[in-house]
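# Structural features, examined
Now for the letters of each chain:
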Amino acid sequence: MNEIVGVIIASIISWINFVVIDTYFGLPEAPGVKGAEIVGYSIKKRGGDLSGGFFQGNILCSPDASAGTLIASMGVMLLGFQGGLIATLIVYIGNRLCADPGYAGTTGALSATIIVTLGSYIGLTPLMFVAGMVIAITTIQGLDHSSSSKLLGSIAKRLNRKTKLK
Amino acid sequence: MIVNITEMYILLNYLIAIIVSITVALTLKLPLLPEEPRRFSWTTSALFPTPIITIGLLAIIYSINFFWICDGTVLAIIIAILSGLSVKYLFDYIFPKPNIGESNE
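The present account deals with the structure reproduced in this document. (Residues numbered from 1 in each chain as written. Chains lettered and ligands numbered in written order. Predicted model: local features only at pLDDT ≥ 70, side-chain atom pairs only at ≥ 80, totals over all residues. Heavy atoms only, no water.)

## Notes on the overall build of chain A
Rules: Strands are runs of DSSP state E lasting at least two residues, helices are runs of H or I lasting at least four, and both sets are numbered from the N terminus onward. With the radius of gyration taken over C-alpha atoms, the globule rule is written as 2.2 Å times the number of residues to the power 0.38. When a residue's accessible area, from a 1.4 Å probe over protein chains only, is under 20% of the maximum for its type it is buried; when over 50% it is exposed; and in between it is partly exposed. Pairs of residues are marked as contacts when any of their non-hydrogen atoms sit within 4.5 Å. Calculation of accessible area relied on Shrake-Rupley with a 1.4 Å probe; when residues are assessed, cover is drawn exclusively from the protein chains displayed. This count recognises Lys and Arg as positive and Asp and Glu as negative, with His and chain-terminal groups excluded. Where a charge sits is defined by one atom per residue type, namely NZ (Lys), CZ (Arg), CG (Asp) or CD (Glu).
The helix and strand tally for chain A stands at eight helices and zero strands. Secondary structure elements in chain A, listed N-terminal to C-terminal, are α-α-α-α-α-α-α-α. A compact globule built from 166 residues should have a C-alpha radius of gyration of about 15 Å, and chain A, at 15 Å, falls within 12% of that. Over its C-alpha atoms, taken along the principal directions, chain A stretches across nearly 45 × 30 × 25 Å. A burial count over chain A gives 54% of its 166 residues as buried. By sequence separation, contacts in chain A at least 24 residues apart represent 77% of the contacts at least 6 residues apart. Element-wise, carbon and sulfur atoms account for 70% of the exposed surface of chain A, whose accessible area totals about 7100 Å². Taken as two groups, the 12 positive and 8 negative side-chain charges of chain A have centres that lie 11 Å from each other.

## Things to note about the interface of chain B and chain A
To be explicit about the condition: By buried area we mean the combined loss of accessible area, with a 1.4 Å probe, across both parts when two parts are placed together. A pair is scored as a salt bridge if a Lys or Arg side-chain nitrogen falls within 4 Å of a carboxyl oxygen belonging to Asp or Glu. For the purposes of these results, a polar contact is taken to be a pair of N or O atoms within 3.5 Å, where, inside protein, one atom must be able to donate a hydrogen and its partner to accept one; residues adjacent in sequence count only when each atom of the pair is a side-chain atom.
Across the contact, 29 residues belong to chain B and 29 residues belong to chain A. Approximately 2300 Å² of surface area, both sides summed, lies buried where chain B meets chain A, with 67% of it carried by carbon and sulfur atoms. Linking chain B with chain A are zero salt bridges. Where chain B meets chain A, there are three residue pairs in polar contact (both at pLDDT 80 or more). Where the side of chain B that touches chain A is concerned, the elements lending two or more residues are helix 1 (7–27) and helix 2 (50–63) of chain B. With nine residues, the top contributor of residues to the side of chain B that touches chain A is helix 2 of chain B.

## Comments concerning helix 3 (residues 73–89) of chain B
Residue and element names in this part refer to chain B. How we decide: What a helix is expected to span follows from its residue count: subtract one and scale by 1.5 Å. It is the directions from the helix axis to the C-beta atoms whose arc is reported.
Compared with an ideal rise of 1.5 Å per residue, which puts 17 residues at 24 Å, helix 3 spans 24 Å between its outermost C-alpha atoms and is within 8% of the ideal. Within helix 3, burial applies to Thr73, Leu75, Ala76, Ile79, Ala80, Ser83, Gly84 and Val87. For helix 3, the arc enclosing every buried residue in end-on projection is 165°, short of the 170-degree limit, so these residues lie on one face. In this structure, the buried residues of helix 3 make contact with helix 1, helix 2 and helix 4 (91–94).

## Things to note about the nonpolar core
Rules: The criterion is simple. A nonpolar core is a set of buried Ala, Val, Leu, Ile, Met, Phe, Trp, Tyr and Cys residues joined through side-chain atoms within 4.5 Å.
The biggest cluster of nonpolar side chains holds 27 residues, and the ones touching the most others in it are Phe18, Val19, Phe55, Ile59 and Ile140 of chain A. Broken down by secondary-structure element, the contributors of at least two residues to this core are helix 1 (3–24), helix 3 (50–61), helix 5 (81–97), helix 6 (103–119), helix 7 (126–141) and helix 8 (145–158) of chain A together with helix 1 and helix 2 of chain B. Once residues lying within four places of it in the same chain are set aside, the contact partners of Ile140 of chain A are Trp15, Phe18, Val19, Gln56, Ile59, His145, Ser148 and Leu152 of chain A. With 18 residues, the next largest nonpolar core counts Leu58, Phe67, Ile79 and Ala80 of chain B among its residues.

Structural data, given as structure tokens:
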């Protein structure tokens, strides 16, 4: 497969994978640690959405499905399917060190391991997923916080994970 | 011992390890699932994180091409039993729960 097309497809798959899993496991609902709370209210102050802000704060403060997807892609790139499983354990340890129960991170890493392994059969290499995940996380954390937080907030609303905090 | 084992055997060994680890955890009276609301629960259970630790440790050992006897099945069972025991007796010592007052204030 053409490399550019592959990276675009991989980034779309990675984006959906980590946003859906993180939202399902309640990242927009509440800040896990103080840092996530500060990020959430700071984004709200700059015209963003509070649920999306908590989502961004939470993925910044602990390895959730975003980091899980990236590290699992790297693991599969280096050691194949088993590398993804090692990455899952590493993400889980990272979660616990960051005061996070670890459901989102490990689920994201496991699903990414399966997706990347299956993707290699249709020409999507793990390297494309690594690049794709970096692009996917840049669209959330690196371009414009207020608009990305509004998008994350609307996804949270659809999945019934909107925060009750004001 | 370096042995060439097919991927099918390796997947089967992971499956055996997951089943054994859940069985050991249930035998040690860990709950099957964390209590509600699950996504914010800190309770260690038979389904999470016991199989995660089992397959992670097994993957580390398999990835250095150490399979030992019976194409790695015995190793899978041993790791699964050790993981179940460690989740029950060692886990809170290695990964203590954070102080809720500190983390959620």
